[in-house]
Each structure stands twice: as C-alpha cells, then as structure tokens.
Amino acid sequence: MYLKIHRGTTQIGGNIIEIGTENTHLIFDAGANLPLLDTRTCSDLIEIEGLTCGKAAYDAVFISHHHNDHCGLLDRILPSIPIWAGRETARILDVIADFTNEKSGCVTDFFTGGGNCPSTVIGDITVTPIGVDHSAYDAYMFLIQADGKNILYTGDYRVVEDVPDVVQRLIGVAGNLDVLITEGTNIRAVQRARGGTLNRTLRDERMVEEEASKLMEAHEGTIFLLCSSTNEARIRAIDAACQRVERIPCYDLFLTAVRDDLAKTDVCKAQPFVSSGVDEERTPRIYPYFRRYYGQRALVGVETLAKLPQKQVILIRTSMLKFIEKYLEIRNSKDDLLIYSMWEGYKDTEPVKQLLNFCAAHEIETVSLHCSGHAYQRGIKGLICRLKPTTLIPIHCDSADRTLFEQMHSNCVMLQDGKRLEV
C-alpha cells in the first residue's frame, strides 16, 4: 500500500490525496485552491495525468464534503472515473451549481447509511466513510484498508469524540492504525477582534445558540445574520435561538433550496423570500426552485416580508445590499443588528467591507459571533493521542505551522507534495 499527496501538504485547501495498491488506485478529495481574500474565484491549472487529463488511471474518487477546497475540481475529472460522496453532499453541490450556472451531476455514486456508512470495496481496497462534525453538512473521514494496512484520512473536522472508538472497532482489537493524515487548519489559531466590533469566537454551536438568543432578546428591531448558506450546524443553532425568543427565521430562495428536506427538522418554520428577480428565460436553472416554493404559497417578496408583524431574523449574503436597503425603507424599524457569523478574515474582503459600511451608515450595530468548523490544537492532539498511529502526516495547514505536529508525535512525516510513501 502507498500514498501520495498531490497537493495540500503545505497549504490550507486544494486537497488531492492518492492512496493505492499495485492493482487499485484511489483519489481522496479533488479540491481547488482557495481564492485570494478579495477574489471570488482562483485560477487552478493543476493537471494530474490519469485524473484530469490523458487516459483514466484511477478506479474512483472519494469526496469528504462539499467545500470547494475539497471538491472544486470535480468537473475536471475524467468522465470514466466514478465519483463517490454522501447523498446530501451531492444534492447540495447540484443546488449550488444551478444557482451559479456551473456543471451539475458530477457525483455518480453515494454513501448510504447516514453518519457512519457501510464499507465500499474498490478492487482490493476497502473504504469506510466515518461521519464527522464540520461546518459542512454530511462530512466524512475515510478509513482506507488494504494489504493488511490501515490509513485514516480526516478530511476536515471539528469534534471527533466517537471517531477513535469507531476506528478501533473497524480495524479490530489487535489492529493498528498505520497512518493518520490529519488536517491542521487551526493548529495555531489566534482569536482577535477586528474593526472595533464586539468579537465572540466560541467553542461550539451550543454556545452560538446561547449567545445568539441573548442578542435577539436585547434588540427590538430586525436581526440580520451573515453566515454561510451551507453551514447547516450554524443555521440549526440560529433556528433554535429563534425558537427560544419567538423570532421567525427568514431564508432567501438559495438557502431554502440548499436546506430543502433538512429544514423539516427545524423547531421554527422559516419564512422563505425572494431577494432578486427570477425569470424563466434569464435564470432557467433557478426558475424551477422558484416555481416549486411559490407553488407551495411560501415565497414572499421584500415588501410583504417587511410588513409581516413578527420579529425577524433574516439570513443574508453580501450580494443582498439592495434588498436590505429596500426592506429597511419599508419596515423603518429601530435597534436593528447584524450578527457576523463567519471567519474574521473575510472582513478584509471588499464585499464584506461594503456590507459593514452599509450597516454603519444605517446605524445597524454589528456583532461577531462565530465558532470554527475546524478542531483547535487541543482537539487535534486528543485525536492523535487516542488513535496512536504509527505514522502521522499533517495536511491542510499553513507551511509555517507544520512543525507544531512534530511536538505531538514521535514519527511525524513531513511529506512533500508529489512524493510517494510506502506504507
């Protein structure tokens, strides 16, 4: 058994990992490079013979979750190579593709069975997806077994309390984890406030719910919430906070489509709305979503939303400034609040700057309230100590921070991109 990290050993994002045997060759994650802070896209010209060009040389690709830095190259994978992912991951990717007019239907095969799925055998390799908590819904680690060896690739994770027990059960009482490939996004994390706003960086989503409910109670006006539309754990925390203080959460068409059946478990029934024009000719891939939810008599426009009597929490995106301005003109509420619930670094980007300036001009207070989707150093160290791998390989972390892993394991291999390691 061997492994080769094509990309990701000295950077956050862009993961592409090859694990194989003499007869079978698999890829785990096909991530695109993260764009620079002030750009929406990043030119990623990487080509891998047998994966993105030439004659197909891989038996399957496994995707850990739907974040672009783990799946952004899916549309470039050779069409004869099967692509595996969680069923919800595939559905969310297709919704995003429809709203961004990108290629959809890339995933061809699906994990089944929920958080911890049955094993899949590809050639002489057994792959077992293990569900984990991350800011992306339907995220997985992978246990890869062949030639009597065991490799665990973590993907991205936040809390992994049950993972060591699951891994031990899968490899057997006498089994040994030969290699742990772990992410280290937050291996050296610094929490700080920016721009003079109140900053509350929290430990978990339960704390987000608690603090959000306090803020919702303390403000009489509308609460605007800026967070990722695909951060399901965050949205559920906000939903629970709304229930506690009797506010109604409001979702635009994109978020309504992303959540779809997931919203059926919410304690608060959300109010869907349309923030911009949808037309069958100009937006043919979005229009079916509009028709579906409008047919359910659920969607409202900005005027109707602003006139509804309930206290509201409106989940927004930076592209919705015109919508927010119109809403404020109609509702004319006081004591409004923006809860900024994303990574603090995004405040350096132009779209977020424009939103924050807009809020300042309209006397809307801004509060940062966030918890990371990635484990901090203590959580990473705990996973390593409990799994006791023979070899540790760090990935998905800044180059300068890799050496911190050497303090956590006696056999920490600083593998370089493109170098093959025999297991």
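Here's a quick rundown of the structure.

Across its full length, the protein carries 11 helices and 20 strands. Here the protein has a C-alpha radius of gyration of 22 Å; the compact-globule value for 423 residues is 22 Å, and the two agree. Counting only C-alpha atoms, the protein reaches 65 × 45 × 35 Å along its principal axes. Taking all 423 residues of the protein together, the buried fraction comes to 55%. Considering only intrachain contacts with a sequence separation of at least 6, the fraction spanning at least 24 residues in the protein is 69%. Computing the positive centroid from 46 side-chain charges and the negative centroid from 57, the protein places the two 3 Å apart.

To continue, consider the sheet that holds strand β6 (residues 109-111). Strand order across the open sheet formed by 7 strands is β6-β5-β4-β3-β2-β1-β20, with mixed pairing between neighbours. Since the sheet does not close on itself, it has two edges, and those belong to β6 and β20 (420-422), each with one partner. Going across the sheet, the axis of each strand differs from the next one's by a mean of 25°, ignoring polarity. Sheet topology note: the strand β2 (residues 16-20)/strand β3 (residues 25-30) ladder contains 5 bridges and is antiparallel. Each bridged residue has a counterpart across the sheet, and for I17 the counterpart in β3 is F28. Sheet contacts for helix α2 (residues 87-100): β5 (83-86) and β6; angle to β5, the most-contacted strand, approximately 100°.

A few words now on unusual backbone geometry. Of note in the backbone geometry, E246 takes a positive phi value of approximately 60° without being a glycine. Inspection of the secondary structure puts E246 in the loop between α5 (232-245) and β14 (248-252). A residue is classified by how much of its surface remains accessible, and E246, at 70% relative accessible area, is exposed. Residue N332 is not a glycine yet carries a positive backbone phi of 50°. Within the element layout of this structure, N332 appears in the loop between α9 (321-331) and β17 (337-340). Residue classification places N332 among the exposed positions, given a relative accessible area of 55%.

With that out of the way, let us pick up the packing of aromatic side chains. Applying the stated criterion to the full structure yields 15 aromatic pairs. Both rings, one in F99 and one in Y289, keep their centres 5.2 Å apart while their planes meet at 40°; by these two values the pair is tilted. Of the two residues, F99 sits in helix α2 while Y289 sits in helix α7 (residues 287-295), which places them 190 residues apart along the sequence. Classification of Y289 by relative accessible area gives buried; the value is 15%. A ring pair is formed by F273 and F323, whose centres lie 4.8 Å apart and whose planes are at 10°; its orientation type is stacked. Residue F273 is located in strand β15 (residues 271-273), and its partner F323 is located in helix α9; the two are separated by 50 residues in the primary sequence. Taken as a pair, F273 and F323 share a single burial class, namely buried. Within the aromatic cluster, the residues linked to one another by ring pairs are F28, F62, W84, F111, Y140 and F142.

Attention now goes to the sheet that holds strand β10 (residues 149-153). Judged by pairing direction, the sheet is mixed, and its 6 strands sit side by side in the order β7-β8-β9-β10-β11-β19 without closing on themselves. Where the open sheet ends on each side, the last strands, each with one partner, are β7 (120-122) and β19 (391-395). Neighbour to neighbour, the strand axes of the sheet diverge by 20° on average, direction disregarded. Where helix α11 (residues 377-387) meets the sheet, it contacts β9 (139-146), β10, β11 (179-183) and β19, and its direction lies at approximately 170° from that of β11.

Throughout the structure, instances matching the rule amount to 21 salt bridges. Ionic pairing is found between K214 and E211, a salt bridge with its closest N-O pair at 3.6 Å. Taken together, the residues span about one helical turn, with K214 and E211 both in helix α4 (residues 205-218) at a distance of 3 residues. Among the residues examined, K214 registers a relative accessible area of 43% and is labelled partly exposed. With relative accessibility at 19%, the residue E211 sits in the buried group. For R259, the salt bridge identified is with E232, shortest N-O distance 2.7 Å.

Further remarks concern the state of the cysteines. In total, this model carries 0 disulfides according to the counting rule given. With no disulfide of its own, C268 lies closest to C242 among cysteine sulfurs, the gap being 5.5 Å. C397 provides the cysteine sulfur closest to C412, a residue in no disulfide bond, and the two sulfurs are 9.0 Å apart.

Once that is clear, we can look at empty space enclosed by the protein. Leftover empty space is mapped by rolling, across the atoms, a probe with the size of a water molecule. As enumerated under the stated definition, the model contains 2 cavities of 30 Å³ or more in all. Of the pockets and cavities examined, the largest cavity occupies roughly 50 Å³. In terms of lining, the largest cavity is formed by L225, C227, S228, S229, D252, L255, L315, I316 and R317. Here the lining of the largest cavity is composed, by residue class, of 5 nonpolar, 2 polar and 2 charged. Around the second largest cavity, the lining residues are F224, I316, I324, L338, L355, F358, C359 and I364. The leading source of residues in the lining of the second largest cavity is helix α10 (residues 350-361), at 3 residues. Within the lining of the second largest cavity, the residues separate by chemical class into 8 nonpolar, no polar and no charged.

Attention now moves to the packing of α9 against α10. For the pair α9 and α10, the least separation of the axes is 11 Å and the interaxial angle reads 15°. Judged by the angle between their axes, α9 and α10 are roughly parallel. Our pair here, α9 against α10, has a crossing hand that is right-handed. Seen from α9, the contacting residues are L321, I324, E325 and L328; seen from α10, they are Q354, L355 and F358. A per-class count over the contact of α9 with α10 returns 5 nonpolar, 1 polar and 1 charged.

What counts, and where the lines are drawn
Residues numbered from 1 in each chain as written. Predicted model: local features only at pLDDT ≥ 70, side-chain atom pairs only at ≥ 80, totals over all residues. Heavy atoms only, no water. Helix = DSSP H or I, 4+ residues; strand = E, 2+ residues; numbered from the N terminus. Rg over C-alpha atoms; globule rule 2.2 N^0.38 Å. Buried < 20%, exposed > 50% of the residue type's maximum accessible area, 1.4 Å probe, protein only. Contact = heavy atoms within 4.5 Å. Lys, Arg positive; Asp, Glu negative; His and termini not counted. Charge placed at Lys NZ, Arg CZ, Asp CG, Glu CD. Pairing = 2+ DSSP bridges. Axes fitted to C-alpha atoms, helices over the stretch in contact; angles between N-to-C directions. Phe/Tyr/Trp six-rings, centres within 6.5 Å; stacked < 30°, edge-to-face > 60°. Salt bridge = Lys/Arg side-chain N within 4 Å of Asp/Glu carboxyl O. Disulfide = S-S within 2.5 Å. 1 Å grid on protein atoms, 1.4 Å probe; cavity = no way out; pocket = protein on both sides within 12 Å on 5 of 7 lines; lining within 4 Å. Points joined across faces, edges and corners; volume = space filled by probe spheres on them. Nonpolar A, V, L, I, M, F, W, Y, C, P; charged D, E, K, R; others polar. Parallel < 35°, antiparallel > 145°, perpendicular 65-115°, else oblique. Left-handed = near helix turned anticlockwise from the far one by under 90°.

Shape descriptors only; they carry no functional weight alone.
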